[in-house]
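# Descriptive analysis of the structure
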Amino acid sequence: MSQQRTRSTGIRSIGYDPTTKALLVICESGDAYRYAGITKEVYENLIAAPSRERFVRESIQGRYPREKYPCMVVGEDV
């Protein structure tokens with residue numbers, strides 16, 4: 001899964017694997033969240049959103065299973 005740096009406040013980078021439908025969001029704090037079951041359409045809407053942090057909060061959190069990984073380094077695999 002490759003990571004894409006973002007300009008969104010609070011989010012350092014986003015990565016998506018269409019094969020496993022996994023989304024990895026690395027926050028500025030270093031915490032990382034891996035969401036399962038994310039469709040390509042949801043990922044594309046996230047990338048196109050004016051505020052990616054808001055999109056994650058309103059359209060992904062609480063709707064998809066997630067795992068938290070504390071203090072990830074950009075580019076580190078999970």
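A few points on the structure. (Residues numbered from 1 in each chain as written. Predicted model: local features only at pLDDT ≥ 70, side-chain atom pairs only at ≥ 80, totals over all residues. Heavy atoms only, no water.)

### Notes on the nonpolar core
Soluble globular proteins tend to bury their nonpolar side chains together. Of all hydrophobic cores here, the largest spans 16 residues; its most connected members are Leu23, Tyr35, Ile38, Leu46 and Ile60. When contributions to this core are tallied by element, the ones reaching two or more residues are β2 (11-17), β3 (22-27), β4 (32-36), α1 (40-48) and α2 (52-60). Ignoring sequence-local partners within four residues, the contact set of Tyr35 consists of Lys21, Ala22, Leu23, Val25, Val56, Ile60, Gln61, Tyr64, Pro65 and Arg66. (Core = buried A, V, L, I, M, F, W, Y, C linked by side-chain atoms within 4.5 Å. Buried < 20%, exposed > 50% of the residue type's maximum accessible area, 1.4 Å probe, protein only. Helix = DSSP H or I, 4+ residues; strand = E, 2+ residues; numbered from the N terminus. Contact = heavy atoms within 4.5 Å.)

### Quick look at the packing of α1 against α2
With their axes 8 Å apart at the nearest point, α1 and α2 run at an angle of 145° to one another. Here Val42, Asn45, Leu46 and Ile47 of α1 lie close against α2, whose contacting residues are Arg52, Phe55, Val56 and Ile60. Grouping the constituent residues of the contact of α1 with α2 by class yields six nonpolar, one polar and one charged. (Axes fitted to C-alpha atoms, helices over the stretch in contact; angles between N-to-C directions. Nonpolar A, V, L, I, M, F, W, Y, C, P; charged D, E, K, R; others polar.)

### Description of the environment of Arg34
In this fold, Arg34 is placed in strand β4. For Arg34, a relative accessible area of 24% gives the class partly exposed. In this structure the C-alpha to C-alpha distance between Arg34 and Leu23, which are eleven residues apart in sequence, comes to 5.5 Å.

### What to know about the pairing of β2
With five of its seven residues buried, β2 lies for the most part within the structure. Relative to β3, β2 runs antiparallel, the two sharing six bridges. Each bridged residue has a counterpart across the sheet, and for Gly15 the counterpart in β3 is Leu24. (Pairing = 2+ DSSP bridges.)

### Let's talk about the environment of Tyr69
Mapped onto the fold, Tyr69 is located in strand β5 (residues 66-69). Through-space distance from the C-alpha of Tyr69 to that of Tyr33 is 6.1 Å; in sequence the pair is 36 residues apart. Reaching out from Tyr69, the side chain makes a polar contact with the side chain of Glu67 at a distance of 3.3 Å. (Polar contact = N/O pair within 3.5 Å; in protein donor to acceptor, adjacent residues only side chain to side chain.)

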